[in-house]
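Listed below are the residues making up each chain.
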Amino acid sequence: MRAIKIDPSNRTISEIRLTRNPNYTFDELYEIIGCSVADFVLIDKEIVMISNKEPDKKTDSEAFAFWGCGMLIVGVAIILGYANNRFETLQENKISFEQMTAWLYSEVDAQPKN
């Protein structure tokens, strides 16, 4: 199943293929995100975001938001298609998420470049 992985620690947005169907098991999602409890948030009519429900406080600078949305997402997130109460292959392309993702400004960004 095609999905998008947003990784704020590396500031990358990548297309991934899930090998296990998330309609039957969340194990692969938990492995990718690095958590044991996840939040499932409908971010559009047919798009769901899965992220860590209890992010580590040390990763506060590893966050992102979507332009025009007040929600701050800490840690890795997976974006999937969603319809009829089931996960589906995501139809939107990676470029859409690259254009709408804003990385959290961190102290590392404020350091002078030598």
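Reference entry: report on the structure contained in this document. Keep in mind that what you see is a predicted model, and the values were worked out from it rather than measured. (Residues numbered from 1 in each chain as written. Predicted model: local features only at pLDDT ≥ 70, side-chain atom pairs only at ≥ 80, totals over all residues. Heavy atoms only, no water.)

### Description of the sheet that holds strand S9 (residues 101-103)
Either a parallel or an antiparallel arrangement is found when strands of a sheet pair, and the pairing is made through backbone hydrogen bonds.
And step 1. Strand order in the open sheet formed by three strands is S6-S5-S9, with antiparallel pairing between adjacent strands. On the outer flanks of this sheet lie strand S6 (72-74) and S9, each paired with one strand and no other. Pairs of neighbouring strands in the sheet enclose a mean axial angle of 30°, with direction left out of account.
And step 2. For strand S5 (residues 63-66) and S6, the ladder comprises three bridges, and the chain directions are antiparallel. In the sheet register, Ala65 faces S6, and the bridge partner there is Leu72. (Pairing = 2+ DSSP bridges. Helix = DSSP H or I, 4+ residues; strand = E, 2+ residues; numbered from the N terminus. Axes fitted to C-alpha atoms, helices over the stretch in contact; angles between N-to-C directions.)

### So, unusual backbone geometry
For residues other than glycine, phi is negative in most cases, and the peptide bonds are mostly trans.
And step 1. Residues other than glycine seldom take positive phi values, yet Arg11 does so here, at roughly 50°.
And step 2. Tracing the sequence through the fold places Arg11 in the loop between strand S1 (2-7) and strand S2 (12-17).
And step 3. Look at Arg11 and you get partly exposed, because its relative accessible area is 36%.
And step 4. Positive phi values are uncommon outside glycine, yet Asn85 reaches one of about 60°. (Buried < 20%, exposed > 50% of the residue type's maximum accessible area, 1.4 Å probe, protein only.)

### A few points about the environment of Ala63
And step 1. Mapped onto the secondary structure, Ala63 falls in strand S5.
And step 2. Distance from Ala63 to Ala102, taken between C-alpha atoms, is 8.9 Å for residues 39 residues apart in sequence.

### A closer look at the packing of aromatic side chains
And step 1. Applying the stated criterion across every chain, the model contains eight aromatic pairs.
And step 2. With a centroid separation of 6.0 Å and an interplanar angle of 45°, the aromatic rings of Phe40 and Phe87 are classed as tilted. Of the two residues, Phe40 is situated in strand S3 (residues 38-44) and Phe87 in strand S8 (residues 86-88); the sequence distance between them amounts to 47 residues.
And step 3. Judged by its relative accessible area of 11%, Phe87 is buried. (Phe/Tyr/Trp six-rings, centres within 6.5 Å; stacked < 30°, edge-to-face > 60°.)

### Describing the pattern of salt bridges
And step 1. Tallied over the entire structure, the rule returns five salt bridges.
And step 2. Here Arg17 ties to Glu15 by a salt bridge, and the two come within 3.9 Å at their closest N and O atoms.
And step 3. Among the residues examined, Glu15 registers a relative accessible area of 41% and is labelled partly exposed.
And step 4. Between Glu31 and Arg20 there is a salt bridge, with the nearest N and O atoms lying 3.1 Å from each other. Residue Glu31 is located in helix H1 (residues 27-33), and its partner Arg20 is located in the loop between S2 and H1; the two are separated by eleven residues in the primary sequence. (Salt bridge = Lys/Arg side-chain N within 4 Å of Asp/Glu carboxyl O.)

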